[in-house]
Amino acid sequence: MISCVDLFCGVGGLTHGLEKAGINVVAGFDTDLLCRFAFESNNTAEFVPQDVAELCGNDIRKLWGKAATTLLAGCAPCQPFSTYSRASRKSKPDEKWELVRHFSRLVEEAKPDLVTMENVAQIMRHDVFGELLKSLAGYSVWHSVVECSAYGVPQTRKRLVLMASRLGPIEMRQPKRGQWKTTVAAAISKLPALAAGEQDHKDPMHHACNLSPINLKRIRASQPGGTWRDWPVSLRAKCHQAAAGETFPSVYGRMEWDKPAPTMTTQCFGYGNGRFGHPTQDRAITLREAAMLQTFPRRYKFLPAKEKVVFHTMGRLIGNAVPVRLGYAIGKSFVEHVDSIAVKSESLFGSGS
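Residues numbered from 1 in each chain as written. Predicted model: local features only at pLDDT ≥ 70, side-chain atom pairs only at ≥ 80, totals over all residues. Heavy atoms only, no water.

## Describing the overall build of the protein chain
Consideration 1: A tally of helices and strands in the protein chain yields twelve helices and nine strands.
Consideration 2: The buried share among the 353 residues of the protein chain stands at 50%.
Consideration 3: Sequence separation of 24 or more characterises 66% of the internal contacts of the protein chain that already satisfy a separation of 6 or more.
Consideration 4: Here the protein chain has roughly 16,700 Å² of accessible surface; of this, 52% comes from carbon and sulfur atoms. (Helix = DSSP H or I, 4+ residues; strand = E, 2+ residues; numbered from the N terminus. Buried < 20%, exposed > 50% of the residue type's maximum accessible area, 1.4 Å probe, protein only. Contact = heavy atoms within 4.5 Å. Areas by Shrake-Rupley, 256 points an atom, 1.4 Å probe, with all protein chains shown as cover.)

Here is the structure:
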């Protein structure tokens with residue numbers, strides 16, 4: 001079996017997908033203690049609250065133990081490359097770029113058999129990505145920008161996926177045509193209906209933000225797949241009416257039942273933050289709906305019982321997560337890769353009988 005250590009594990013989206021694919025994730029590392037409950041409540045791996053800058057390769061090798069095949073996985077925080085914030089486009093890369101460099105360092109020190117990284121596509125345009133590729137000398141490397149909806153994630157979410165192997169040529173498995181239902185309806189249509197500000201008494205995560213009177217009028221004037229341009233002029237914000245500057249057509253929109261959702265961001269619970277309006281109910285999507293659009297299971301536990309849900313905190317944790325089905329596809333690709341290597345080896349050298 002493949003033994004994996006997951007760096008920057010968050011609430012466990014990648015780990016959960018890898019485990020479902022048959023990979024033994026022994027530990028997840030993250031400095032955010034708010035992730036611990038969700039990570040450990042839904043996965044068999046241990047949560048280790050430690051900065052990767054303080055890790056060395058030997059620490060990771062000890063966790064792998066005597067595993068036949070080892071995997072180092074990670075999704076370093078991608079805020080330096082974000083296109084969601086206009087301000088971030090003007091700012092210089094900050095110290096968080098160093099997390100990708102620490103991942104490269106740990107690959108060189110720990111020397112795993114297999115490596116995977118998920119990140120935003122923009123990272124390929126920066127020197128830090130070239131540095132990562134250099135750390136993978138001696139590996140067969142595959143990387144591509146993946147449309148997550150092709151692997152069953154009901155979002156128009158594009159992410160860079162990198163996979164590397166010391167065992168032989170590697171690539172991500174191709175999605176099977178018609179294998180997945182990737183629509184908003186398939187993901188969330190069976191959840192209880194809610195009004196803005198209302199909470200499902202059986203699930204604190206299924207809780208819709210309040211809407212101001214003007215935003216309630218705006219969402220009632222919105223059509224699935226439409227924009228604020230469909231509204232009466234009286235409902236338009238000042239920035240929409242400005243003669244100069246950007247007009248932000250992708251905000252204040254409703255999703256469509258029969259299509260994928262937009263990319264889930266850390267602010268996906270807010271109606272004015274993107275196309276996060278529910279297709280038919282007059283509200284933004286809930287945190288539970290956002291999690292399910294990230295392909296977390298319906299019963300995935302994010303908080304202890306009776307603990308208060310904080311929208312901005314949980315939105316950040318859910319929006320930053322690797323979609324579970326993407327993690328599963330990566331995991332299955334590695335399992336099939338290792339199995340194929342074993343079959344080739346057996347055919348060359350015999351079964352030993």
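## Quick word on unusual backbone geometry
Consideration 1: Positive phi outside glycine occurs at phenylalanine 8, with the angle close to 60 degrees.
Consideration 2: On the secondary structure map, phenylalanine 8 appears in the loop between strand E1 (2-7) and helix H1 (13-20).
Consideration 3: Here phenylalanine 8 falls in the buried class, since its relative accessible area comes to 13%.

## Let's talk about the packing of helix H5 (residues 97-110) against helix H6 (residues 127-135)
Consideration 1: Here H5 crosses H6 at 5 degrees, and the two axes come no closer than 9 Å. By the angle class used here, H5 and H6 are roughly parallel. In contact with Trp97, Val100, Arg101, Phe103, Ser104, Val107 and Glu108 of H5, H6 contributes Val128, Glu131, Leu132 and Ser135. (Axes fitted to C-alpha atoms, helices over the stretch in contact; angles between N-to-C directions. Parallel < 35°, antiparallel > 145°, perpendicular 65-115°, else oblique.)

## Quick word on H5
Consideration 1: The end-to-end C-alpha separation of H5 is 20 Å, in line with the 20 Å expected for 14 residues at 1.5 Å each.
Consideration 2: Residues of H5 that are buried: Trp97, Leu99, Val100, His102, Phe103, Ser104, Leu106, Val107 and Ala110.
Consideration 3: The elements touched by buried residues of H5 are E1, helix H3 (57-64), strand E4 (69-74), strand E5 (114-119) and H6.
Consideration 4: Lysine 111 lies just past H5 and shows a positive phi near 50 degrees. (Expected span 1.5 Å × (residues − 1).)

## Here we look at the packing of aromatic side chains
To describe a pair of aromatic rings, one takes the distance between the centres and the angle between the planes.
Consideration 1: Scanning the model with the defined rule gives seven aromatic pairs in all.
Consideration 2: Pairing tyrosine 300 with phenylalanine 302 gives two aromatic rings, centres 5.1 Å apart and planes at 50 degrees, and the pair type is tilted. Like tyrosine 300, the residue phenylalanine 302 is buried in the burial classification.
Consideration 3: Among the aromatic residues, those joined into a cluster by ring pairs are Trp231, Tyr252 and Tyr271.
Consideration 4: Directly above the aromatic system of tyrosine 252 lies the positively charged group of arginine 218, at a separation of 5.3 Å from the ring centroid. (Phe/Tyr/Trp six-rings, centres within 6.5 Å; stacked < 30°, edge-to-face > 60°. Lys NZ or Arg CZ within 6 Å of the ring centre and 35° of its normal.)

## Structural notes on the nonpolar core
Consideration 1: Counting residues in hydrophobic clusters, the biggest one holds 61 residues, and the most contacted among them are Leu18, Ile23, Met172, Leu293, Phe302 and Phe334.
Consideration 2: A per-element tally of this core places helix H12 (residues 324-349) first, with seven residues.
Consideration 3: Ignoring any residue separated from it by four or fewer positions in sequence, one finds phenylalanine 334 in contact with Ile2, Ile23, Leu71, Leu114, Val115, Thr116, Met163, Ala164 and Ile170.
Consideration 4: Ranked by size, the runner-up nonpolar core spans 30 residues in total, among them Val5, Val48, Leu55 and Phe103. (Core = buried A, V, L, I, M, F, W, Y, C linked by side-chain atoms within 4.5 Å.)

## Remarks on the environment of alanine 45
Consideration 1: On the secondary structure map, alanine 45 appears in the loop between helix H2 (36-42) and strand E3 (46-48).
Consideration 2: In this structure alanine 45 comes out as buried when scored by relative accessible area, which is 4%.
Consideration 3: For the pair alanine 45 and asparagine 24, spaced 21 residues apart in sequence, the C-alpha separation works out to 8.0 Å.
Consideration 4: Beyond its immediate chain neighbours, meaning those up to four positions away, alanine 45 contacts Thr15, Glu19, Val25, Val26, Ala27, Phe39 and Glu40.

## Focus: the pattern of salt bridges
Consideration 1: Under the defined criterion, the tally for this structure stands at 14 salt bridges.
Consideration 2: Here arginine 159 makes a salt bridge to glutamate 118, at a shortest N to O gap of 3.8 Å. With arginine 159 in strand E7 (residues 158-165) and glutamate 118 in strand E5, the pair connects residues that are 41 residues apart, well separated along the chain.
Consideration 3: The exposure class of glutamate 118 is buried, given its relative accessible area of 4%.
Consideration 4: Salt-bridge contacts for glutamate 336 lead to arginine 173; the nearest nitrogen and oxygen are separated by 2.8 Å. With glutamate 336 in helix H12 and arginine 173 in the loop between E7 and helix H7 (184-188), this residue pair connects regions lying 163 residues apart in the sequence.
Consideration 5: Looking at glutamate 336, the relative accessible area reads 35%, which means it is partly exposed. (Salt bridge = Lys/Arg side-chain N within 4 Å of Asp/Glu carboxyl O.)

## Quick word on the sheet that holds E5
Consideration 1: Across the sheet, which stays open at both edges, the seven strands sit in the order E3-E2-E1-E4-E5-E7-E6 with mixed pairing between neighbours. The open sheet has two free edges, formed respectively by E3 and strand E6 (140-147), since each of these has just one partner strand. In this sheet, neighbouring strand axes are inclined to one another by 15 degrees on average, regardless of whether the strands run parallel or antiparallel.
Consideration 2: Across three bridges, the pairing between strand E2 (residues 24-29) and E3 is parallel. Following the sheet pairing, alanine 27 is matched in E3 by glutamate 46.
Consideration 3: Against the sheet, H1 contacts E1, E2 and E4, and its axis sits at roughly 150 degrees relative to E4.
Consideration 4: On the sheet, H3 packs against E1, E2 and E4 and is oriented at approximately 140 degrees with respect to E1. (Pairing = 2+ DSSP bridges.)

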